[in-house]
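Residue-level listing of the chains:
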Amino acid sequence: MKTLKIMYRQKFEYFLNAVHYCIWLFERKFGFFIGKIVDFFISPIPKFLFTKNMKKRYYDNMRKSQPQLDELFYGKKSGFSIGLAHHNFGAFYSIYFCILSESIAAIGIKIFDDLNLIVIISCLMPLVLCYIPAYKAVFSKDKYLQYFKQFEKEDEHWHKKWKRRTIAFILGAIASFFLGLGLFFAILGVKIKFPWM
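These lines cover the structure that appears in this document, whether it is placed above or below. (Residues numbered from 1 in each chain as written. Predicted model: local features only at pLDDT ≥ 70, side-chain atom pairs only at ≥ 80, totals over all residues. Heavy atoms only, no water.)

Attention now goes to the nonpolar core. In terms of nonpolar packing, the biggest core is built from 27 residues, with Leu16, Tyr21, Trp24, Phe89 and Val138 touching the most fellow members. If one sorts the elements of this core by residue count, helix H1 (residues 2-42) sits on top with eight residues. Dropping the residues within four chain positions of it, Trp24 is found in contact with Tyr74, Gly75, Lys76, Ser81, Ile82, Ala85, Phe148 and Glu152. Ala106, Ile109, Val119 and Cys123 belong to the second-largest nonpolar core, a separate cluster that totals six residues. (Core = buried A, V, L, I, M, F, W, Y, C linked by side-chain atoms within 4.5 Å. Buried < 20%, exposed > 50% of the residue type's maximum accessible area, 1.4 Å probe, protein only. Helix = DSSP H or I, 4+ residues; strand = E, 2+ residues; numbered from the N terminus. Contact = heavy atoms within 4.5 Å.)

With that settled, the discussion passes to the packing of aromatic side chains. Applying the stated rule across the entire model yields 30 aromatic pairs. Ring centres of Tyr14 and Tyr147 lie 6.3 Å apart, and the angle between their planes is 75°; on these two criteria the pair is classed as edge-to-face. Of the two residues, Tyr14 sits in helix H1 while Tyr147 sits in helix H7 (residues 143-152), which places them 133 residues apart along the sequence. An angle of 90° between the planes, with centres 5.3 Å apart, marks the rings of Tyr14 and Phe151 as edge-to-face. Of this pair, Tyr14 sits in helix H1 while Phe151 sits in helix H7, and the two are 137 residues apart along the sequence. Directly above the aromatic system of Trp162 lies the positively charged group of Arg165, at a separation of 4.7 Å from the ring centroid. (Phe/Tyr/Trp six-rings, centres within 6.5 Å; stacked < 30°, edge-to-face > 60°. Lys NZ or Arg CZ within 6 Å of the ring centre and 35° of its normal.)

Here we take up the environment of Pro126. Along the chain, Pro126 turns up in helix H6 (residues 117-138). For Pro126, a relative accessible area of 9% translates into the label buried. Distance in space between the C-alpha atoms of Pro126 and Lys141 is 24 Å, their sequence separation being 15 residues. Dropping the residues within four chain positions of it, Pro126 is found in contact with Leu100, Ser101 and Ile104.

On to the packing of helix H5 (residues 98-112) against helix H8 (residues 156-188). Orientation of H5 relative to H8, taken along the N-to-C sense of each, is 15°, at an axis distance of 8 Å. Comparing their axes, H8 and H5 come out roughly parallel. Between H5 and H8 lies a crossing whose hand is right-handed. Contact residues: H5 offers Cys98, Ile99, Glu102, Ser103, Ala105, Ala106, Ile107, Ile109 and Lys110, while H8 offers Ser176, Phe177, Leu179, Gly180, Leu181, Leu183, Phe184, Ile187 and Leu188. In terms of residue class, the contact of H5 with H8 is made up of 13 nonpolar, three polar and two charged. (Axes fitted to C-alpha atoms, helices over the stretch in contact; angles between N-to-C directions. Parallel < 35°, antiparallel > 145°, perpendicular 65-115°, else oblique. Left-handed = near helix turned anticlockwise from the far one by under 90°. Nonpolar A, V, L, I, M, F, W, Y, C, P; charged D, E, K, R; others polar.)

This is how it looks when you write it as structure tokens:
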């Protein structure tokens, strides 16, 4: 039984870290894309408006500062893209528990006949409690960095497979949000009318 629990925990940890890694890869690619657009608009300035000396200094400084800029935008520990990946991973993971939270909120509103502090706290509790295992699996002691090293060695087939799973994970989170919203209105007895109906 204990071995089964450890196996399940390892699979859960692997899954979450692989999804987090794929989200980071997307954020990084998106960052490269934005960087190219910015470069496209900024590159004519030194090329056509700077003097020869200014141009030389500018390109020398750019070459020297490139490693720091790469670390700032794409670094795995504190870069801009990893910050976005942390945020988006946490948001999509937490959305799965919206079904429970929105149901609790609807029941609380029905009981208290109002949205009050007790209802807000009771509907936020599942989100907080369910996020703890994900935090331990991915962010505790920067565990994701060890997994990133492992995932970088994987072949193209692995990357394609986990890219599809990550997309499914994100779509599942979005579906969970709308399902939770539907349950929220159903519990309250509110009928939703769509314009096309």
